[in-house]
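# Structural characterization, general
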Number of protein chains: 2
Amino acid sequence: MATQSLEDYLEAIYNSLNRRGHAKTNEIASDLGVKAPSVTEMFDKLRKEGFINYKKYEGVTLTERGREVAKDVSEVHENIKKFLELLQVSPKQADKDACKVEHSLSEESIDQLNKFIDFVERCPEEEARWLKHFDYFSAHGELPPAHRDKRDEGEE
Amino acid sequence: MATQSLEDYLEAIYNSLNRRGHAKTNEIASDLGVKAPSVTEMFDKLRKEGFINYKKYEGVTLTERGREVAKDVSEVHENIKKFLELLQVSPKQADKDACKVEHSLSEESIDQLNKFIDFVERCPEEEARWLKHFDYFSAHGELPPAHRDKRDEGEE
DNA sequence: CAAAATTATTAGGCTCACCTAATTATATTA
DNA sequence: TAATATAATTAGGTGAGCCTAATAATTTTG
């Protein structure tokens, strides 16, 4: 398995390829907040492990294997971000936190989180009501009046 | 701020003190899955930074500062664990994942997660219904029949 | 196309958290 | 209390991922 750091590089390469059409040393360095020599070193590791196509002084592309890992990590990232945003975390902070958390979750937790996001997205009305209650709670520190009444038709 | 690893040690010490009444080198080593010399080294660091009281060949205790950090980390851990368990992740795995995730969240996300858990725990009936829908969805891969009908009194 | 500018790589070092093996201190028991 | 067992520490080393400074390749421009 790719280490946490290698996963970060794969994800950055994946995003760079999508956004810019290429992934060069300096771009990745800047995206990840590290210096160019670190990137060169990691490119070499990623190549050795079969995740990227890398020839010195040329840009990199993902192998099939690399793309799979990157896509997985990226999906996990997106779902963690969505979840944090449901919790009213700002998009910017949610994105940052997702970067770190994405490497820490087990398959089991990832699966359940995926299901959870899927669930939320597939039952908009019901979910929106419940989440609105949470938003109210988050903002006011107490349950919304309608909720406290156990009635749920007049809270809008 | 304490590094991720130092936080792990503080948390382990905190738990050991609570569970066993003391925190010795070998106990912490075994709890954290590392060898004794690593613990000695970290104890020294934690002492230098004012988190623990440590004299060679004696057990350790937490300073006020250390206890605060440990308690915070521990609370975050508990809330992440609770959240994962809401998502039907097994308690064991939820605990493991919480260990890793607990160091990755920003203050903002921690605050919101705390609110979320508080919210869930404070509105049992309403929440239970929604979570039951998720449990059904998680188990069957589709929304429960009552939910699909947009009626919510006959789904039990 | 040569000089300059840019981009990438190599060389050599650093820190962190870990390890094993050897040593020293403490605790137990004959 | 001396011998032994246990527990903790020191000494010395490793690998991962980062750094700066120096060098080499590529690209751009006069």
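The structure this text deals with has already been given above.
Scoring rules and cut-offs
- Think of each chain on its own: its residues are numbered from 1, step by step along the sequence as written.
- As a convention, the first chain written is A and the first ligand written is 1, with the rest following in written order.
- Thresholds applied to this predicted model are a pLDDT of at least 70 for local features of residues and 80 or more for the giving and counting of side-chain atom pairs; totals over whole chains, interfaces and linings are not thresholded and use all residues.
- Side-chain measures were taken over the full set of non-hydrogen atoms in the model, leaving aside hydrogen atoms and water.
- Secondary structure elements are taken from DSSP: a helix is a run of H or I of four residues or more, a strand is a run of E of two residues or more, and numbering for both begins at the N terminus.
- Per-residue accessibility, obtained with a 1.4 Å probe over protein chains only, is compared with the maximum for each type, and a residue is labelled buried under 20%, exposed over 50%, and partly exposed between these values.
- Residues count as neighbours in contact if any of their non-hydrogen atoms are within 4.5 Å of one another.
- Residue-level accessible areas treat just the shown protein chains as cover; the underlying method is Shrake-Rupley with a 1.4 Å probe.
- Arc definition: directions from the helix axis to the C-beta atoms.
- We call a residue near a given molecule or strand whenever any one of its heavy atoms falls within 4 Å of it.
- Polar contacts here mean pairs of N or O atoms no more than 3.5 Å apart (in protein, one a potential hydrogen donor and the other a potential acceptor; neighbouring residues in sequence count only if both atoms are side-chain atoms).
- When residues are grouped by polarity, Ala, Val, Leu, Ile, Met, Phe, Trp, Tyr, Cys and Pro land in nonpolar, Asp, Glu, Lys and Arg in charged, and all others, Gly among them, in polar.
- Every angle, taken between N-to-C directions, lies between 0 and 180 degrees, and every axis is a line fitted to C-alpha atoms, over only the stretch in contact when it is a helix.
- The handedness criterion is simple: a crossing whose near helix is rotated anticlockwise from the far helix by less than a right angle is left-handed, and one whose near helix is rotated clockwise is right-handed.
- The patch calculation keeps residues exceeding 30% relative accessible area without a salt bridge and links them within 9 Å when they carry like charges or within 5 Å when they are nonpolar (Val, Leu, Ile, Met, Phe, Trp, Tyr).
- Put simply, a salt bridge is a Lys or Arg side-chain nitrogen that is within 4 Å of an Asp or Glu carboxyl oxygen.
- Only four residue types enter the tally: Lys and Arg on the positive side, Asp and Glu on the negative side, with His and both chain ends excluded.
- Charged side chains are reduced to one point each, which is NZ for Lys, CZ for Arg, CG for Asp and CD for Glu.
- Nonpolar core, defined: a set of buried Ala, Val, Leu, Ile, Met, Phe, Trp, Tyr and Cys residues in which side-chain atoms within 4.5 Å join the residues together.
- Only residues with pLDDT of at least 70 in both copies count here: their C-alpha atoms drive the least-squares fit that superposes the copies.

## A few points about the overall build of chain A
- On a plain count of helices and strands, chain A comes out with eight helices and two strands.
- For chain A, the succession of helices and strands along the chain, N to C, is α-α-α-β-β-α-α-α-α-α.
- The dimensions of chain A, computed from C-alpha atoms along their principal axes, are 65 × 25 × 25 Å.
- For chain A, the residues scored as buried account for 46% of the 156 residues in total.
- For chain A, the proportion of contacts with a sequence separation of at least 24, taken over those separated by at least 6, is 47%.
- Accessible surface computed for chain A: about 8,500 Å², of which carbon and sulfur atoms make up 46%.

## Examining helix 5 (residues 91–101) of chain A
- Restricting attention to buried positions, one finds in helix 5 of chain A the residues A:Q93, A:A94, A:D97, A:A98 and A:V101. Buried residues in helix 5 of chain A, looked at end-on, bunch into an arc of 140 degrees, giving them a common side.
- On the buried face of helix 5 of chain A, the contacting elements are helix 4 (64–86) of chain A together with helix 5 (91–101) and helix 6 (107–122) of chain B.

## Some words on the protein's contact with DNA strand C
- Neighbouring DNA strand C are 21 residues, the closest being A:T40, A:Y54, A:K56, B:K35 and B:S38.
- Sugar and phosphate atoms represent 77% of those atoms of DNA strand C found within 4 Å of the protein.
- Contact distances for DNA strand C include 2.7 Å between a phosphate oxygen and a side-chain N or O atom of B:S38.
- Between DNA strand C and B:K45 there is a distance of 2.8 Å, counted from a phosphate oxygen to a side-chain nitrogen or oxygen.
- Listing elements by their share of the surface near DNA strand C, those giving two or more residues are helix 2 (25–32) and helix 3 (36–48) of chain A together with helix 1 (4–20) and helix 3 (36–48) of chain B.

## Examining the protein's contact with DNA strand D
- The immediate surroundings of DNA strand D are formed by 20 residues, with A:K35, A:S38, B:T40, B:Y54 and B:K56 found nearest.
- In this structure, A:K35 approaches DNA strand D through a main-chain N or O atom, which is 2.7 Å from a phosphate oxygen.
- At 3.2 Å from a phosphate oxygen of DNA strand D is found a main-chain nitrogen or oxygen belonging to B:Y57.
- If you list the elements that add at least two residues to the surface near DNA strand D, you get helix 1 (4–20) and helix 3 of chain A together with helix 2 (25–32) and helix 3 of chain B.
- A total of five residues in the surface near DNA strand D trace back to one element, the largest contributor, which is helix 3 of chain A.
- Looking at the surface near DNA strand D residue by residue, the classes come out as nine nonpolar, six polar and five charged.

## Observations regarding the packing of helix 1 of chain A against helix 2 of chain A
All names here are of chain A.
- Viewed as axis vectors pointing N to C, helix 1 and helix 2 meet at an angle of 115 degrees, and their least axial separation amounts to 10 Å. Here helix 1 and helix 2 pass one another in a crossing that is right-handed. Here D8, Y9, A12, I13, S16, R19 and R20 of helix 1 come into contact with helix 2, specifically with E27, I28, D31 and L32.
- Of the residues that constitute the contact of helix 1 with helix 2, the class distribution is five nonpolar, one polar and five charged.

## Let's talk about helix 2 of chain B
Residue and element names in this part refer to chain B.
- Turning to helix 2, its buried residues are E27, I28 and A29.
- Tucked into the core, helix 2 has its buried residues touching helix 1 and helix 3.
- Residue G33 follows helix 2 closely and has a positive phi angle near 70 degrees.

## A word on the interface of chain B and chain A
- Every contact between the two is made by 38 residues of chain B and, on the other side, 38 residues of chain A.
- Summed over the shared surface of chain B and chain A, the number is 16 residue pairs in polar contact (both at pLDDT 80 or more).
- Elements with a contribution of two residues or more to the side of chain B that touches chain A: helix 4 (64–86), helix 5, helix 6 and helix 7 (124–140) of chain B.
- Per-element accounting of the side of chain B that touches chain A gives the leading share, 10 residues, to helix 6 of chain B.
- When its residues are assigned to classes, the side of chain B that touches chain A shows 15 nonpolar, 11 polar and 12 charged.

## Let's talk about a negative patch on the surface
Residue and element names in this part refer to chain A.
- Together, E64, E68, D72, E75, E107 and D111 line one region of the surface with negative charge.
- Looking at the negative patch, the elements with two or more residues in it are helix 4 and helix 6 (107–122).
- Element by element, the count of residues in the negative patch is highest for helix 4, at four residues.
- For E68, the position within the fold is in helix 4.

## A closer look at the nonpolar core
- Counting 44 residues, the largest nonpolar core has A:F83 and B:F83 as its most contacted members.
- In this view, A:F83 contacts A:L113, A:F116, A:I117, B:F83 and B:L113; residues no more than four positions away in its chain are not counted.
- If you look at the next biggest cluster of nonpolar residues, it comprises 23 residues, including A:A12, A:I28, A:V39 and A:V60.

## Here we look at the relation of the copies chain B and chain A
- Superposing chain B onto chain A requires a rotation of 180 degrees together with a translation of 0.0 Å along the rotation axis, leaving an RMSD of 0.1 Å. What we have between these two chains is a two-fold relation. Closest approach to the rotation axis among the C-alpha atoms of chain B is made by B:V101, whose C-alpha sits 2.9 Å away.
- Looking at the interface residues of chain B, 100% of them are also at the interface in chain A, so both copies use one shared face.

Such coordinate-based values are descriptive only and should not be taken to indicate function.
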